[in-house]
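Listed below are the residues making up each chain.
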Amino acid sequence: MAIYVVLMGGPGAGKGTQAKKLQKQMGLPQISTGDLFRENFKNETKLGRQARPYVDSGELVPDEITLGMVGERLKRPDTEGGAIFDGFPRTIAQADALEALLAENGERVNVVPYIHVDKDLLLKRLAGRWTCPVCGRVYHDLFNPPQKPGVCDVDGAKLYQREDDTMDTQRRRIEVYFEQTAPLLDYYRGKGLLIQIDGEQSIEQVFEDLRKAIEEAR
Ligand code: ADP
Ligand code: ADP
């Protein structure tokens with residue numbers, strides 16, 4: 001049976017970290033709209049040029065652009081058994097559109113784990129985040145350091161700090177999350193799909209809680 005998981009949580013809550021681990025363990029593809037935008041920047045596509053100013057300033061990319069990109073991604077056959085959405089949906093309109101897209105194949109969102117992390121800690125998480133340009137894995141210079149400073153454990157690439165991980169943009173992204181994305185918590189709670197998880201635990205413990213929540217929804 002296919003299973004579609006929506007990971008909720010503020011910027012820095014650990015969605016990408018956990019989605020990558022779940023992808024590996026469960027064999028479900030991670031669909032991260034942030035990663036998809038960054039791929040478009042790298043490939044210098046038209047969509048990338050349209051999205052760039054929003055991403056750079058920490059605002060949400062307009063739904064029309066984001067939804068077109070997700071619709072295309074869901075056409076790829078690797079999503080037939082399900083997917084883990086990370087950073088999507090971020091607005092009620094996106095959540096409604098996702099429901100419609102999945103319904104076309106008789107599917108639906110099955111479970112929405114909400115990785116809860118306090119606002120002050122979100123900022124600290126973003127401030128120390130380092131990303132691998134090759135595999136997209138994230139590290140933290142204090143909380144989750146690579147074995148060798150500045151280098152990805154898996155492929156040895158030199159880590160970088162995302163261009164939208166500047167102090168001002170980080171603050172704005174957190175504000176935008178509380179204004180525009182947090183209302184989705186009630187939306188999914190109302191559908192009986194939301195499961196809150198303590199995101200301030202270790203990466204391993206958060207993963208264990210997530211795994212259980214997803215297994216129970218299967
Ligand atoms: P998101 O995708 O929700 O924005 P990330 O997965 O990019 O979050 O994680 C943000 C930062 O916090 C990264 O530097 C990551 O290494 C670190 N991190 C993620 N989960 C934890 C955790 N449970 N404990 C400590 N640091 C974490
Ligand atoms: P973080 O891991 O810090 O939460 P993301 O990588 O998920 O950041 O997103 C980076 C930026 O990409 C966002 O600030 C926003 O500009 C854009 N973005 C990502 N996902 C969406 C979405 N679902 N809707 C609109 N904009 C998005």
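Given the structure is predicted, the values throughout are model-derived calculations rather than measurements.

Draft legend 1. The site of ligand 2, seen in detail. Taken together, 21 residues are adjacent to ligand 2, and Thr33, Glu59, Gln94, Arg129 and Arg173 come closest. With respect to ligand 2, the side chain of Arg90 contributes an N or O atom lying 3.0 Å from a nitrogen atom. At a separation of 2.9 Å, an oxygen atom of ligand 2 approaches a polar side-chain atom of Arg129. Taken by itself ligand 2 offers 560 Å² of open surface, and the protein chains cover 96% of this. Of all the elements in the fold, those that place two or more residues in the shell around ligand 2 are helix H2 (33-42) and helix H3 (46-57). Here the shell around ligand 2 takes four residues from H2, the largest share from any one element. Here the shell around ligand 2 is built from residues that sort into eight nonpolar, five polar and eight charged.

Draft legend 2. Seen up close, the site of ligand 1. By nearness alone, 19 residues border ligand 1, and Gly12, Lys15, Thr17, Arg129 and Tyr139 come closest of all. Separating an oxygen atom of ligand 1 from a side-chain N or O atom of Lys15 is a distance of 2.8 Å. Within the backbone of Gln201, one N or O atom sits 2.9 Å away from a nitrogen atom of ligand 1. Surface burial for ligand 1 is 93%, taken as the share of its 560 Å² of free accessible area covered by protein chains. Those elements that place two or more of their residues in the shell around ligand 1 are helix H1 (15-26) and strand E6 (138-140). Classifying every residue of the shell around ligand 1 by side-chain character gives six nonpolar, ten polar and three charged.

Draft legend 3. Unusual backbone geometry, seen in detail. Residue Pro89 is bonded to the preceding Phe88 through a cis peptide linkage, with omega at -5 degrees. We note that Glu44 has phi near 50 degrees; this positive angle belongs to a residue other than glycine. Inspection of the secondary structure puts Glu44 in the loop between H2 and H3. Given the relative accessible area of 62%, Glu44 is considered exposed.

Draft legend 4. Seen up close, the sheet that holds strand E2 (residues 30-32). Ordered by their spatial adjacency, three strands build an open sheet running E1-E3-E2, and the pairing between neighbours is parallel. The open sheet has two free edges, formed respectively by strand E1 (3-7) and E2, since each of these has just one partner strand. For this sheet, the mean angle separating the axes of adjacent strands, direction not counted, is 20 degrees. Strand direction decides the pairing type here: E2 and strand E3 (residues 82-86), joined by three bridges, are parallel. Its bridge partner being in E3, Gln30 is matched across the sheet by Ile84.

Draft legend 5. Region of interest: the packing of aromatic side chains. For the structure on display, the rule yields three aromatic pairs. Look at Tyr177 and Phe178: their rings are 5.1 Å apart centre to centre, the planes differ by 75 degrees, and that puts the pair in the edge-to-face class. Judged by relative accessible area, Tyr177 falls into the buried class, the value being 6%. Over the aromatic face of Phe207 sits the side chain of Lys21, whose NZ or CZ is 5.1 Å from the ring centroid. The ring of Phe178 carries the charged tip of Lys119 above its face, separated from the ring centre by 5.0 Å.

Calculation rules
Residues numbered from 1 in each chain as written. Chains lettered and ligands numbered in written order. Predicted model: local features only at pLDDT ≥ 70, side-chain atom pairs only at ≥ 80, totals over all residues. Heavy atoms only, no water. Near = heavy atom within 4 Å. Polar contact = N/O pair within 3.5 Å; in protein donor to acceptor, adjacent residues only side chain to side chain. Areas by Shrake-Rupley, 256 points an atom, 1.4 Å probe, with all protein chains shown as cover. Helix = DSSP H or I, 4+ residues; strand = E, 2+ residues; numbered from the N terminus. Nonpolar A, V, L, I, M, F, W, Y, C, P; charged D, E, K, R; others polar. Buried < 20%, exposed > 50% of the residue type's maximum accessible area, 1.4 Å probe, protein only. Pairing = 2+ DSSP bridges. Axes fitted to C-alpha atoms, helices over the stretch in contact; angles between N-to-C directions. Phe/Tyr/Trp six-rings, centres within 6.5 Å; stacked < 30°, edge-to-face > 60°. Lys NZ or Arg CZ within 6 Å of the ring centre and 35° of its normal.

Function cannot be read off these values alone, since they describe shape.
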